Amino acid sequence: MKVTEYFEKANGKTLISFEVLPPLKGGGMKAIFDVLDPLMEFKPPFIDVTYHREEFIYNKRASGYYEKIAIRKRPGTVGICASIMHRYGVDAVPHLICGGFTKEDTENALIDLNFLNINNVLALRGDARKFDGKFIPEPDGNNFALDLVKQMSEMNQGIYLDSNIENGEKMDFCIGIAGYPEKHIEAPSMKADLLRTKEKIDAGADYIVTQMFFDNQKYFDYVAACREMGINVPIVPGLKPLTKRYQLNSLPRLFFINLPDDLVSAAMEANNSAAIKEIGIEWCIAQSKELKAKGVPCLHYYTMGDTETIRRIAEAVY
Ligand code: FAD
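Computed from a prediction, not measured in an experiment: that's the story for all the values here.

A. Structural context of helix α2 (residues 29–36). All of the buried residues along α2 are I32, F33, V35 and L36. The arc enclosing the buried residues of α2, seen along the axis, measures out at 160°, which places them on a common side. On its buried face, α2 sits against β1 (15–20), β2 (46–49), α3 (77–88) and α11 (307–317).

B. View of the site of the ligand. What surrounds the ligand is a group of 23 residues, the closest being Y51, D127, Y180, H184 and K200. Measuring from a nitrogen atom of the ligand, one finds a backbone N or O atom of Y51 at 2.7 Å. Interatomic distance of 2.9 Å between a side-chain N/O atom of D193 and an oxygen atom of the ligand. For the ligand, the protein covers 85% of the area, taking 970 Å² as the surface of the free molecule. At the level of elements, β5 (91–97), β6 (120–124), α6 (190–202) and β8 (207–212) are the ones that each hand at least two residues to the shell around the ligand.

C. Layout of a negative patch on the surface. Negative charge collects at one region of the surface, where E104, D105, D140 and D162 lie side by side. Positionally, E104 belongs in helix α4 (residues 103–115). We classify E104 as partly exposed; its relative accessible area is 48%.

D. View of helix α7 (residues 216–228). Helix length check: α7, at 13 residues, gives a terminal C-alpha distance of 18 Å against a target of 18 Å (1.5 Å per residue), a fit within 8%. Each element contacted by the buried residues of α7 is listed here: β7 (174–179), α6, β8, β9 (235–239) and α10 (273–293). N-cap assignment for α7: the residue whose side-chain oxygen lies 2.9 Å from the backbone N of Q217 is D215. Downstream of α7 by one or two residues, G230 has phi in the positive range, about 90°.

E. The arrangement of the environment of K150 in detail. Within the secondary structure, K150 sits in helix α5 (residues 145–156). Remark: the alpha-carbon pair of K150 and G204, spanning 54 residues in sequence, is separated by 7.1 Å.

F. Region of interest: the nonpolar core. Judged by nonpolar contacts, the single largest core of 95 residues is most densely connected at I84, Y207, L242 and Y301. Contact partners of Y301, with chain neighbours within four places excluded, come to I16, S17, F18, E19, L239, C284, S288, I310, I313 and V317.

G. Examining the pairing of strand β3 (residues 55–60) more closely. Sheet topology places β3 next to strand β4 (residues 66–71); six bridges connect them, and they run antiparallel. Residue pairing for β4: K60 is matched across the bridge by Y66. Remark: five residues form the turn of the hairpin made by β3 and β4, two consecutive strands paired antiparallel; G64 in that turn has positive phi of roughly 95°.

H. Structural context of the packing of aromatic side chains. Under the defined criterion, the tally for this structure stands at eight aromatic pairs. Between the aromatic rings of F7 and F46, the centroid separation amounts to 6.1 Å while the plane-to-plane angle is 70°, which identifies the pairing as edge-to-face. Highlighted residues: F7 in helix α1 (residues 3–10) and F46 in strand β2, separated in sequence by 39 residues. The burial state of F7 is the same as that of F46; both residues are buried. A ring pair is formed by Y58 and F131, whose centres lie 5.3 Å apart and whose planes are at 90°; its orientation type is edge-to-face. In this pair, Y58 is assigned in strand β3 and F131 in the loop between β6 and α5, connecting sequence segments 73 residues apart. Relative accessible area serves as the criterion here: at 39%, Y58 is assigned to the partly exposed category. Members of the aromatic cluster, joined through ring pairs, are F7, F46 and Y207. Here K68 stacks its cationic end above the ring of F56, 4.1 Å away from the centre of that ring.

I. Looking closely at the pairing of strand β10 (residues 298–302). The element β10 is extensively covered by neighbouring structure, given that five of its five residues are classed as buried. Here β10 shows two buried faces, one formed by C298, H300 and Y302 and the other by L299 and Y301. Note: β1 against β10, five bridges, orientation parallel. Across the sheet, F18 pairs through a bridge with Y301, a residue of β10. The pairing of β9 with β10 spans two bridges and is parallel. When the bridges of β10 are listed, G238 appears paired with H300.

J. The packing of α6 against α7, seen in detail. At a minimum axis separation of 10 Å, α6 and α7 run at an interaxial angle of 60°. By the criterion of interaxial angle, the relationship of α6 to α7 is oblique. The handedness of the crossing between α6 and α7 is right-handed. Facing α6, whose interface residues are M190, L194 and T197, α7 presents Y222, A225 and C226. Among the residues forming the contact of α6 with α7, the class breakdown is five nonpolar, one polar and no charged.

The rules behind each value
Residues numbered from 1 in each chain as written. Predicted model: local features only at pLDDT ≥ 70, side-chain atom pairs only at ≥ 80, totals over all residues. Heavy atoms only, no water. Buried < 20%, exposed > 50% of the residue type's maximum accessible area, 1.4 Å probe, protein only. Helix = DSSP H or I, 4+ residues; strand = E, 2+ residues; numbered from the N terminus. Arc of directions from axis to C-beta. Contact = heavy atoms within 4.5 Å. Near = heavy atom within 4 Å. Polar contact = N/O pair within 3.5 Å; in protein donor to acceptor, adjacent residues only side chain to side chain. Areas by Shrake-Rupley, 256 points an atom, 1.4 Å probe, with all protein chains shown as cover. Patch = residues over 30% accessible without salt bridge, like charges linked within 9 Å, V, L, I, M, F, W, Y side chains within 5 Å. Salt bridge = Lys/Arg side-chain N within 4 Å of Asp/Glu carboxyl O. Lys, Arg positive; Asp, Glu negative; His and termini not counted. Charge placed at Lys NZ, Arg CZ, Asp CG, Glu CD. Expected span 1.5 Å × (residues − 1). Core = buried A, V, L, I, M, F, W, Y, C linked by side-chain atoms within 4.5 Å. Pairing = 2+ DSSP bridges. Phe/Tyr/Trp six-rings, centres within 6.5 Å; stacked < 30°, edge-to-face > 60°. Lys NZ or Arg CZ within 6 Å of the ring centre and 35° of its normal. Axes fitted to C-alpha atoms, helices over the stretch in contact; angles between N-to-C directions. Parallel < 35°, antiparallel > 145°, perpendicular 65-115°, else oblique. Left-handed = near helix turned anticlockwise from the far one by under 90°. Nonpolar A, V, L, I, M, F, W, Y, C, P; charged D, E, K, R; others polar.

Here it is, written out as structure tokens:
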């Protein structure tokens, strides 16, 4: 079923969903099942699986020179989705990015997804690779998530890259996109970012999942600004609890978000790691309860492998 159909069927009830990362290469499905098994009692109708493009690493050779090689440390998104659907009977939502894909690679990936009956996709651009400085698409790849959404919408109409294909099978993808309550780092202004988001909706995107945030007001303001701009699709809040002291600096650096003063001071005053985790969990529970009371379509938790923490939050909220 489509993600948006779950929202419609829920009739105002707030659903729950989770996002998992593929294990590092060399790991197996057990790593994913260990994360998800304890969470399935909360009945998520869908699970997201992130996509990770290749990264550059430098290997020192015998000569002393460094060799730059590209490797994908977390492959397997599509296989993991199929495996999740098979084990739990829920929908899996693969993230699909522009980076590393030519348009033809994208088309072929979408054909595979269709064959596997995976018809929900979160369409993203992807970040710049480390050492690249800025996002570089493949030659003949999609430049922005907008281009990927357009390609998917065309395939939903049976239009393939090869114009010789007549009466091509029409896909039926439900397309999710990313949204940034605190603005995307590269966008010159919030309004400019929202206009880009509107373009994706107009091109056929069906719903938005937000970047994590720790101040619910940011989400409420974002939803209001979207509505004002004529973006009327469901906007799913993405949540992640603060659990470690170093995240006070790493979350803003990696995700370009702000942490509220009250949370920062409470975490800074905590004198051990267990106390910080407790503060982060309680904060996330309070955020979740308020969002649920306001009737958001779904609470979407970034598990990042920390099942125990997410389970505690879900138990307190559902
Ligand atoms: P876009 O919508 O393409 O926007 C990127 C930037 O370009 C924005 O600043 C936008 O304002 C601007 N822009 C858009 N169109 C144009 C245009 N025509 N001209 C000029 N500027 C333009 N990354 C991964 O690699 N794998 C994942 O699995 C993954 N999952 C994610 C899940 C969620 C919920 C979120 C919020 C992010 C996720 N990301 C993931 C990160 C995402 O790929 C990055 O944030 C990326 O930098 C932007 O992706 P986007 O889809 O928002 O890009």
